[in-house]
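Here is how the chains run, residue by residue.
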Amino acid sequence: MADLHLLTVLVFFPLAGCLLMLPAWKCPAAARSLALGVMSGELLLALWLYASWQGLAALKPALPGYLLVEDAPWISAFGIRYTLGLDGLSLLMVMLTAFSFCIALAVSWRAVGEKVGLFLALLLAMETGIMGVFLALDLALFYLFWEVMLIPMFFLIGIWGHGRRIYSTVKFFLFTMFGSLLMLLAIIALHLLHARQSGVTTFGLFELIATPLPAGTQLWLFAAFFLAFAIKFPLFPLHTWLPDAHTDAPTAGSVILAGLLLKTGSYGLIRFGYPLFPQAAQTLTPLIYTLAIAGIIYASLVAFAQEDMKRLIAYSSIGHMGYVAIGIAAWEPVALSGSIIQMANHGVTTGALFAMVGMLDERAHTREIGAFGGLWGKIPLWSFFFLIFSMASVGLPGLNNFVGEFLVLAGTFTKAPLAAGLAFVGIVLTLVYMVRLVQEVVFQVERRPLPLADLDRREICVLAVLALLVVWMGVHPAPLLELIHGPVRLLTGGVP
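Thresholds, definitions, all that
- Residues numbered from 1 in each chain as written.
- Predicted model: local features only at pLDDT ≥ 70, side-chain atom pairs only at ≥ 80, totals over all residues.
- Heavy atoms only, no water.
- Helix = DSSP H or I, 4+ residues; strand = E, 2+ residues; numbered from the N terminus.
- Rg over C-alpha atoms; globule rule 2.2 N^0.38 Å.
- Buried < 20%, exposed > 50% of the residue type's maximum accessible area, 1.4 Å probe, protein only.
- Contact = heavy atoms within 4.5 Å.
- Pairing = 2+ DSSP bridges.
- Phe/Tyr/Trp six-rings, centres within 6.5 Å; stacked < 30°, edge-to-face > 60°.
- pLDDT = per-residue confidence, 0-100.
- Patch = residues over 30% accessible without salt bridge, like charges linked within 9 Å, V, L, I, M, F, W, Y side chains within 5 Å.
- Areas by Shrake-Rupley, 256 points an atom, 1.4 Å probe, with all protein chains shown as cover.
- Salt bridge = Lys/Arg side-chain N within 4 Å of Asp/Glu carboxyl O.
- Expected span 1.5 Å × (residues − 1).
- Bend = angle between axes of the 7 residues up to and from the residue.
- Polar contact = N/O pair within 3.5 Å; in protein donor to acceptor, adjacent residues only side chain to side chain.
- Axes fitted to C-alpha atoms, helices over the stretch in contact; angles between N-to-C directions.
- Parallel < 35°, antiparallel > 145°, perpendicular 65-115°, else oblique.
- Nonpolar A, V, L, I, M, F, W, Y, C, P; charged D, E, K, R; others polar.
- Core = buried A, V, L, I, M, F, W, Y, C linked by side-chain atoms within 4.5 Å.
- Left-handed = near helix turned anticlockwise from the far one by under 90°.

1. Concerning the overall build of the protein chain
A tally of helices and strands in the protein chain yields 22 helices and two strands. In summary, the protein chain has a C-alpha radius of gyration of 22 Å against a globular reference of 23 Å for 496 residues, a match within 12%. Across its three principal directions, the C-alpha atoms of the protein chain cover 75 × 60 × 45 Å. Buried residues in the protein chain amount to 61% of all 496 residues. Partitioning the intrachain contacts of the protein chain with sequence separation of at least 6 by distance along the chain shows that 80% fall at a separation of at least 24.

Given below as structure tokens:
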């Protein structure tokens, strides 16, 4: 099975599609068809791996707990290897990535009418970068993919964005690049420390995990990694780039930002930060709890005051990702499982809300809450789906967000009852601002007559798939929990 190089295909198939886009550059229809074929193929491969994961686990590859591993020399002089690995955690993120890009393509099918070939090529290039982040097990390779995924988003916001798109693009780039450079310095320092102790030059994750480090050194290195990942989360007070980027990004960019780029930060903390520097992570756990809870409450209060729907959902993302941070900080099997599930839940629910706001903006050319009202009577299909995803966002039992938040709070309560109790306040605040949004947009008396058309068949298909996924993940989360059970046990020091 490893000889098929399935992980390499997962990573570089979108990049191949990006290069094949060149002949179709000036033909939007051909470019869209090519992108659809590539992204659909990527999703089918991810789903096939999920359907086969138990059989892959029985093959027992070289690394314990992994389903597939690919390893080859790359830059031998510096000990850099081309090492990719797929376990249950990576597989969940790979499926989310492939699915989110298909959704991004669907919602931008008509919304993007200029430079279509370039737009789709950038989406495919970014898919390669994000897939690489979720599969790389060599820190130098991980850093390469970490930087690659940022470049397409820079251009997507800067060229196809709205409002203050240049300001938002530069702010996004400066924040993320600052954290990335600190992480690069920490990676190099860890590499040199390992070489000094063992005489072996390597950037391999598992070799570096075994490097004994003094408490002070570990604390400084973890701080550099944590800052890079916290910016991407984003954790309070490093969140200020996100509302601007979301507000001014095209709809597809918002779907990818919410669904995937934020998850690379939480994934990096789970895969690299805590395993590499466990003592430092334990030392800073109270700080992480504090920042996460402050972010949940602050973002919820600010969201209530927003008049732009897209900006309100952007602040809700900060709050929801705070629960992911709390579960990671607890570093306990139930809470960590909740964090990982919540990463997927948030990607689906918030991506759906951004897509729906984009659909409404295409029709009304405004996202102001005050411009709407009475949409249940005017566009009932849109209103029906918006109500489903809004209820999922507040954590209604039976829908997906409830599962992740419940597990995070239940697991955290056993280790930090106060943190769990304060985090629960955020759920109440989320309910308040989402009810206000639904009431004013969907049910309140219409303020301004707007000629709006209801959803077309393409939009109905996209939202129906998302709604079914929200219900399935809320009613029957067992398959996903079983998928991540082994990795979570290994990460938290248990047995798979």
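Resuming the write-up.
2. Quick word on the pairing of strand 1 (residues 68–75)
Where strand 1 and strand 2 (residues 80–86) come together, seven bridges link them in antiparallel fashion. The residue bridging D71 from the neighbouring strand is T83, located in strand 2. Linking strand 1 back to strand 2 in an antiparallel pair, the connection comprises four residues, with G79 at a positive phi of about 75°.

3. A look at the packing of aromatic side chains
Scanning the entire structure with this criterion turns up 22 aromatic pairs. On the numbers, 4.6 Å between centres and 20° between planes, the contact of Y274 with W331 is stacked. Residue Y274 is located in helix 12 (residues 251–276), and its partner W331 is located in the loop between helix 15 (309–330) and helix 16 (333–364); the two are separated by 57 residues in the primary sequence. With relative accessibility at 5%, the residue Y274 sits in the buried group.

4. A word on the confidence of the model for the protein chain
For the protein chain, per-residue confidence averages 88 on the pLDDT scale, and residues scoring 70 or more make up 97% of the total. Within the protein chain, no element has a lower average pLDDT than helix 3 (residues 53–58), which sits at 70, and none a higher one than helix 6 (residues 139–148), at 94.

5. Overview of a nonpolar patch on the surface
On the surface, W74, I75, F78, L144 and V148 cluster together into a nonpolar patch covering about 440 Å² of accessible area. For the nonpolar patch, the secondary structure elements donating two or more residues are strand 1 and helix 6. Following the sequence through the fold, V148 ends up in helix 6.

6. Observations regarding helix 12
With 26 residues, helix 12 should cover 38 Å at 1.5 Å per step; its first-to-last C-alpha distance of 36 Å lies within 8% of that length. Along its length, helix 12 shows its largest kink, about 40°, at L257. Helix 12 sits mainly inside the fold: 26 of its 26 residues count as buried.

7. Thoughts on unusual backbone geometry
The phi angle of most residues is negative, glycine excepted, and most peptide bonds adopt the trans form. With omega at 0°, the peptide bond leading from F233 into P234 counts as cis. The phi dihedral of W331 falls on the positive side, at around 45°, and the residue is not glycine. Here the phi dihedral of H365 falls at roughly 60°; this positive angle occurs in a residue that is not glycine.

8. Topic: the side chain of T83
Examined against the element boundaries, T83 turns out to sit in strand 2. Classification of T83 as buried rests on a relative accessible area of 11%. A polar side-chain atom of T83 sits 2.5 Å from a polar atom in the side chain of D71. For T83, the residues in contact, after removing those within four places along its chain, are E70, D71, L135, A136, L137, D138 and L141.

9. Here's the deal with helix 16
For the α-helix, the turn length of 3.6 residues means that residues three or four positions removed from each other point alike. Across its 32 residues, helix 16 extends 46 Å between first and last C-alpha, which sits within 8% of the 46 Å expected from 1.5 Å per residue. Of all 32 residues in helix 16, 28 are buried; the element is thus mostly enclosed. Where helix 16 begins, the side chain of E332 points an oxygen toward the backbone nitrogen of V334, at a separation of 3.1 Å. One or two residues past the end of helix 16 sits H365, with phi positive at roughly 60°.

10. Let's talk about the packing of helix 6 against helix 7 (residues 150–160)
Their axes nearest at 4 Å, the elements helix 6 and helix 7 cross at an angle of 5°. Relative to helix 7, the element helix 6 lies roughly parallel. Taking contact as the criterion, the partners of W146, E147 and V148 in helix 6 are, on helix 7, L150, I151 and P152. The residue inventory of the contact of helix 6 with helix 7, partitioned by class, reads five nonpolar, no polar and one charged.

11. Things to note about the pattern of salt bridges
According to the stated counting rule, one finds 13 salt bridges in the structure shown. In this structure, D456 engages R110 in a salt bridge whose closest nitrogen and oxygen atoms are separated by 3.1 Å. Note that D456 is positioned in the loop between helix 20 (417–443) and helix 21 (457–475) and R110 in the loop between helix 4 (88–107) and helix 5 (116–135), a separation of 346 residues in sequence. The class of R110 is exposed, set by a relative accessible area of 60%. Put simply, D244 and K171 hold a salt bridge, and the shortest N to O gap is 2.9 Å. One end of the pair, D244, is in helix 11 (residues 241–248); the other, K171, is in helix 8 (residues 165–198), and 73 residues separate them in sequence.

12. Structural notes on the nonpolar core
Ranked by internal contacts, the top residues of the largest apolar core, which has 194 residues, are L139, F225, F372, W382 and F389. If sequence neighbours within four positions are ignored, F225 has contacts with L139, M183, A186, I187, F272, L276 and F277.

13. Concerning the packing of helix 5 against helix 7
As a packed pair, helix 5 and helix 7 sit with axes 9 Å apart at the nearest point and diverge in direction by 155°. In terms of orientation, helix 5 lies roughly antiparallel with respect to helix 7. You can see that helix 5 and helix 7 cross each other, and the crossing is left-handed. Residues L118, F119, L122, L123, A125 and M126 of helix 5 form the contact with helix 7, whose participating residues are P152, M153, F155, L156, I159 and W160. In terms of residue class, the contact of helix 5 with helix 7 is made up of twelve nonpolar, no polar and no charged.

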